[in-house]
Amino acid sequence: MRAMNIGIFDSGIGGMTLLHQAMVLMPRENFIFYADTDHVPYGTKTREQVITYVDEVIRFMADHDCKAIVIACNTATAVAAELMRSKYQPIPIIGIEPAVKPAVAESEGKRVLVVATPLTVHENKLQKLVERVDDEHLVDLMELPGLVEFAERGEFVSDSVTAYLREKFLGYTLERYGELVLGCTHFNYFKDSFRALIPPQIHIIDGSLGTVRQLMRVLDARHELLEPIADRSVSWEQYKNDICVRYFESGREITDSAKLETIRQLHERLEKMRKI
Ligand code: DGL
């Protein structure tokens, strides 16, 4: 029998950015979303620790009838994607990466600021990606671990968030920048706060749409893509209550109605952020 589900995971709620985008583009699919809340944050752990956590999650997904698995975490992709692909083949494993390439292509000679977790910033994978695409040395990398903590507390717009970001941007001449790359899926929850602090010419970009498109291409090539909605006028509002998603926290299914309501609210926030 054919596998049914698309598994999407992250250390925490950040991966819902990608889940949300996938639900918008493929509302007929069945999703499993796994937040590894016992181990969040990943971005300040060692690579060995993160590899152990990711292995556990992918094993769970493989045991839960997944036809494809998406690592909706830039940090986990950077340290573990290749290893997991060879370990779990033939299940396709798609990982999100900071959207450095499109950002450099679109920056028109202006500088590009990539914000991510400390582990992603220091991983070889990102350094190599930058070396490959940044011929004109336009890219700067910045760690923002505090935003993962704020996000997991559900604190998205506050004086503390603004003060944290303002402090991080001190010393950067933001007028020289054309692109801000959100290189951590948790950061999408803060798009309005970023927008309020950075000059209007800076375009905000992240890898979630590109990753979902890649997932769709992979499923299509395997004849495993359920009919996507081609008509982009179909809205989230119309479909949101009918899409089939099961949510897990480090392997425990979420059935508590208060937690499911929080998840619903996170989707509403992500829908707003998607339009910024
Ligand atoms: N959301 C994750 C990412 O995209 C990781 C955040 C964390 O656990 O540190 O990198």
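Since we're looking at a predicted model, the values are computed, not measured.

What to know about the site of the ligand
No. 1: Around the ligand sit 14 residues in total, of which S11, Y42, G43, T75 and H186 are the nearest.
No. 2: Side-chain polar atom of D10 to a nitrogen atom of the ligand: 3.1 Å apart, as the coordinates give it.
No. 3: Between the ligand and T75 there is a distance of 2.6 Å, counted from an oxygen atom to a side-chain nitrogen or oxygen.
No. 4: For the ligand, the protein covers 99% of the area, taking 300 Å² as the surface of the free molecule.
No. 5: Placement of the ligand is best described as lying within the largest cavity.
No. 6: Residue composition of the shell around the ligand, by class: six nonpolar, seven polar and one charged.

Observations regarding the pattern of salt bridges
No. 1: With the rule as written, the count across this model stands at 19 salt bridges.
No. 2: Between R111 and D140 there is a salt bridge, with its nearest N and O atoms 3.0 Å apart. With R111 in strand 5 (residues 111-116) and D140 in strand 6 (residues 139-143), this residue pair connects regions lying 29 residues apart in the sequence.
No. 3: Since its relative accessible area comes to 16%, R111 is described here as buried.
No. 4: Here E249 and K259 are joined by a salt bridge, their closest N and O atoms 3.0 Å apart. Here E249 is found in strand 9 (residues 244-249), whereas its partner K259 is found in helix 12 (residues 257-274), with 10 residues between them in sequence.

Details of the pairing of strand 9
No. 1: Sheet topology places strand 2 (residues 30-35) next to strand 9; six bridges connect them, and they run parallel. Pairing of N30 across the sheet is with C244, part of strand 9.
No. 2: What sits between the antiparallel neighbours strand 9 and strand 10 (residues 252-253) is a turn of two residues, in which S250 has the positive phi angle 40 degrees.

Remarks on the environment of M23
No. 1: Structurally, M23 can be placed in helix 1 (residues 16-25).
No. 2: For the pair formed by M23 and Y239, sequence separation is 216 residues and the distance between their alpha carbons is 8.7 Å.
No. 3: Discounting residues that sit within four places of it in the chain, M23 has contacts with F31, W236, I243, V245, Y247 and H267.

What about the pairing of strand 3 (residues 66-71)?
Look at any regular strand and the pattern is simple: side chains alternate between the two faces of the sheet.
No. 1: The element strand 3 is largely enclosed, with a buried count of six among its six residues.
No. 2: Two strands pair when backbone bridges link them, and strand 1 (residues 5-10) and strand 3 are joined in this way by five bridges, in the parallel orientation. Following the sheet pairing, I6 is matched in strand 3 by A68.
No. 3: The sheet contact formed by strand 3 and strand 4 (residues 93-95) spans three bridges and is parallel. By the bridge assignment, V70 is partnered in strand 4 with I94.

Quick word on the sheet that holds strand 10
Pairing between sheet strands relies on hydrogen bonds along the backbone, with the strands arranged either parallel or antiparallel.
No. 1: Here six strands make up an open sheet; going across it, the order is 4-3-1-2-9-10 and the pairing mixed. For this open sheet the edge positions go to strand 4 and strand 10, each flanked by a neighbour on one side alone.
No. 2: Most of the contacts of helix 1 go to strand 2, to which it runs at about 170 degrees, and overall it touches strand 1, strand 2, strand 3 and strand 9.
No. 3: Against the sheet, helix 2 (residues 47-63) engages strand 1, strand 2, strand 3, strand 4 and strand 9, with an angle of about 165 degrees to strand 1.

Structural notes on helix 6 (residues 124-133)
No. 1: For helix 6, the set of buried residues is L126, L129, V130 and V133. Axial view of helix 6: buried residues confined to an arc of 95 degrees, hence all on one face. Facing away from the buried surface of helix 6 by more than 90 degrees, the exposed residues are E131 and R132.
No. 2: At its buried positions, helix 6 is contacted by helix 4 (100-106), helix 5 (118-122) and strand 6.

Parameters at a glance
- Residues numbered from 1 in each chain as written.
- Predicted model: local features only at pLDDT ≥ 70, side-chain atom pairs only at ≥ 80, totals over all residues.
- Heavy atoms only, no water.
- Near = heavy atom within 4 Å.
- Polar contact = N/O pair within 3.5 Å; in protein donor to acceptor, adjacent residues only side chain to side chain.
- Areas by Shrake-Rupley, 256 points an atom, 1.4 Å probe, with all protein chains shown as cover.
- 1 Å grid on protein atoms, 1.4 Å probe; cavity = no way out; pocket = protein on both sides within 12 Å on 5 of 7 lines; lining within 4 Å.
- Sits in = over half its atoms within 2 Å of the grid points.
- Nonpolar A, V, L, I, M, F, W, Y, C, P; charged D, E, K, R; others polar.
- Salt bridge = Lys/Arg side-chain N within 4 Å of Asp/Glu carboxyl O.
- Helix = DSSP H or I, 4+ residues; strand = E, 2+ residues; numbered from the N terminus.
- Buried < 20%, exposed > 50% of the residue type's maximum accessible area, 1.4 Å probe, protein only.
- Pairing = 2+ DSSP bridges.
- Contact = heavy atoms within 4.5 Å.
- Axes fitted to C-alpha atoms, helices over the stretch in contact; angles between N-to-C directions.
- Arc of directions from axis to C-beta.

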